[in-house]
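Report on the structure
Listed here are the chains, written in short residue letters.
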Amino acid sequence: MTLPLHKDSILLAPSILAADQSALGDGVSLAKAAGVNWLHLDIMDGHFVPNITFGPDVVKTLRKKSDLFFDVHLMLKNPDKHYESFINAGADLITIHVEPNYPIRETIKAIKEKGICVGIALNPETDVDTVLPFLELVDLVLVMTVHPGFGGQEFMASCLDKVRILKEKQVEAALSFRIEVDGGVNLENAGSCINAGANTLVCGTSFYQSSDASAFHEEILSL
Ligand code: DX5
Ligand code: ZN
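Residues numbered from 1 in each chain as written. Chains lettered and ligands numbered in written order. Predicted model: local features only at pLDDT ≥ 70, side-chain atom pairs only at ≥ 80, totals over all residues. Heavy atoms only, no water.

What to know about the nonpolar core
To keep things clear, this is the line we draw: Residues belong to a common nonpolar core when they are buried Ala, Val, Leu, Ile, Met, Phe, Trp, Tyr or Cys residues joined through side-chain atoms within 4.5 Å. Residue exposure (1.4 Å probe, protein chains only): buried if accessible area is under 20% of the type maximum, exposed if over 50%, otherwise partly exposed. We call two residues in contact when some of their heavy atoms are within 4.5 Å.
Core analysis: the largest hydrophobic core is formed by 65 residues, its most contacted members being Ile94 and Ile120. Discounting chain neighbours no more than four positions away, the residues touching isoleucine 94 are Val72, Leu74, Tyr83, Phe86, Ile87, Ile111, Ile116, Cys117, Val118 and Gly119. Counting residues in hydrophobic clusters, the runner-up holds 12 residues, among them Trp38, Cys117, Ala121 and Val202.

So, in structure tokens, the structure goes:
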């Protein structure tokens, strides 16, 4: 699968983690009604990150209710053991982290071979050099702008230096991966993310706590 949008188009990916967890279907509907195309789904295992969220069965249930593009962010110690169940559940894009010890290149290739998109993610303390060997293979690079594990944290502007470097590398090598920022993104800092080179903005708390989700989406697109 190729990504359904031009690499430079700005898009908002609401993170369902910030929706009411007892009514995830309503959170998906709210995102759809706001006119977004993507939904960000955070999968946490209690090992790679200190929190636990939901698994493939929940993704599968949401898949039945939605035609949104499912941007599945695996925060797992062993993503190579689990990516397949999320593909079977209906993921359109699977993003895996660069930090854990597993065969990253093989896992990226295996995900692509299944016909969906693949991303590589890096934490705030991880050097941008660690993802450079994978840029030619991926559809998206996810730059964490908080320490992964929880929604509602404060945006770390220092992480935008990595976005700038990735954008430079992308242009230099004429590559087309999207650049996604994830964590603490809101209407105050989204402009600086875009200026740095990000085109895919994950918004959890800021989106689900906004009084008007459609207006929020429009405002992001107008930046
Ligand atoms: C954090 C997750 C984020 C988070 C974003 O580990 O990867 O996707 O849900 O939520 P906010 O926008 O509230 O920081
Ligand atoms: Zn995420």
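A short note on the packing of helix 1 (residues 24-33) against helix 2 (residues 56-65)
Think of two packed helices as two axes; the pair is described by the angle between the axes and how far apart they sit. This is how it is decided: Only the stretch in contact is used when fitting a helix axis, every axis being a line fitted to C-alpha atoms; angles between N-to-C directions are given from 0 to 180 degrees. Numbering goes from the N terminus for both helices and strands, where a helix is a DSSP run of H or I of at least four residues and a strand is a run of E of at least two. Our angle categories are set so that under 35 degrees counts as roughly parallel, over 145 as roughly antiparallel, 65 to 115 as roughly perpendicular, and the remainder as oblique. In a left-handed crossing the near helix is turned counterclockwise from the far helix by less than a right angle, and in a right-handed crossing that turn is clockwise. Polarity classes work like this: nonpolar for Ala, Val, Leu, Ile, Met, Phe, Trp, Tyr, Cys and Pro, charged for Asp, Glu, Lys and Arg, and polar for all others, with Gly in that last group.
Put simply, helix 1 and helix 2 touch, their axes get as near as 10 Å, and they point 45° apart. The angle between the axes of helix 1 and helix 2 places the two elements in the oblique class. Relative to helix 2, helix 1 is oriented so that their crossing is right-handed. Across the interface between the two elements, Leu24, Gly25 and Val28 of helix 1 pack against Val58, Leu62 and Lys65 of helix 2. Of the residues in the contact of helix 1 with helix 2, the class split is 4 nonpolar, 1 polar and 1 charged.

Let's talk about unusual backbone geometry
Backbone phi values are negative for most residues with the exception of glycine, while trans is the configuration of most peptide bonds. The phi angle at alanine 174 is positive, at roughly 50°, despite the residue not being glycine. By the element assignment, alanine 174 lies in the loop between helix 5 (160-172) and strand 7 (178-182).

Some remarks on the coordination of the zinc ion (ligand 2)
Defined as follows: Listed donors are limited to N, O and S atoms within 2.8 Å of the metal, widened to 3.2 Å for Na, K and Ca; water is not among them, so incomplete-looking sites are possible. Just to be clear on the cut-offs, tetrahedral is four donors with all angles between 85 and 135 degrees, square planar is four donors and octahedral six with opposite donors over 155 degrees apart and all others between 65 and 115, and anything else goes down as irregular.
Each protein donor to the zinc ion (ligand 2) is listed here as His40 (NE2), Asp42 (OD), His73 (ND1) and Asp182 (OD); together their distances run 2.0 to 2.3 Å. Taken together, the 6 donor atoms coordinating the zinc ion (ligand 2) and their angles of 69 to 170° define a geometry best described as octahedral. The buried category is assigned to aspartate 182, whose relative accessible area is 7%.

Brief notes about the pattern of salt bridges
Note the cut-off: Any carboxyl oxygen of Asp or Glu within 4 Å of a side-chain nitrogen of Lys or Arg constitutes a salt bridge here.
The final tally for this structure, using the stated rule, is 6 salt bridges. A salt bridge links arginine 63 to aspartate 92; the shortest N-O distance between them is 3.0 Å. Here the residue arginine 63 occupies a position in helix 2, and aspartate 92 occupies one in the loop between helix 3 (79-89) and strand 4 (93-97), the gap between them amounting to 29 residues. Assessed through its relative accessible area of 13%, aspartate 92 is described here as buried. Taking the shortest distance from any N to any O, the salt bridge between lysine 81 and aspartate 80 comes out at 3.2 Å.

Here's the deal with the site of ligand 1
Selection rule: Throughout this document, a residue counts as near a molecule or strand when at least one of its heavy atoms sits within 4 Å of that molecule or strand. Any pair of nitrogen or oxygen atoms within 3.5 Å is treated as a polar contact; in protein, a donor-acceptor pairing is required on top of that, and neighbouring residues in sequence qualify only through side-chain atoms on both sides. Residue burial considers only the protein chains on display, and all accessible areas are found by Shrake-Rupley using a 1.4 Å probe.
Neighbouring ligand 1 are 20 residues, the closest being Asp42, Gly149, Asp182, Gly184 and Thr205. One nitrogen or oxygen atom from the main chain of glycine 152 is found 2.8 Å from an oxygen atom belonging to ligand 1. Glycine 184 is positioned with one of its backbone polar atoms (N or O) 2.8 Å from an oxygen atom of ligand 1. For ligand 1, whose unbound accessible area comes to 380 Å², protein coverage reaches 99%. Elements with a minimum of two residues in the shell around ligand 1: strand 2 (38-44), strand 3 (69-75) and strand 8 (200-203).

Topic: the packing of helix 2 against helix 3
Orientation of helix 2 relative to helix 3, taken along the N-to-C sense of each, is 20°, at an axis distance of 8 Å. On the basis of their axis angle, the class for helix 2 and helix 3 is roughly parallel. By crossing handedness, the relation of helix 2 to helix 3 is classed as right-handed. Touching Pro56, Val59, Lys60 and Arg63 of helix 2 are Ser85, Phe86 and Ala89, all from helix 3.

Regarding the packing of aromatic side chains
The condition that has to hold: Here a pair means two rings of Phe, Tyr or Trp (six-membered ring of Trp) with centres within 6.5 Å. Their orientation is stacked below 30 degrees between planes, edge-to-face above 60, and tilted elsewhere.
Inspection of every chain in the model, using the stated rule, returns 3 aromatic pairs. Their ring planes at 25° and their centres at 4.4 Å tell us that tryptophan 38 and phenylalanine 69 sit as a pair that is stacked. A residue pair is termed long-range when its members are at least 10 positions apart, and tryptophan 38 in strand 2 and phenylalanine 69 in strand 3 qualify at 31 residues. Each of the two residues, tryptophan 38 as well as phenylalanine 69, counts as buried. Ring geometry for phenylalanine 207 and phenylalanine 216: centres 5.8 Å apart, planes at 85°, overall edge-to-face.

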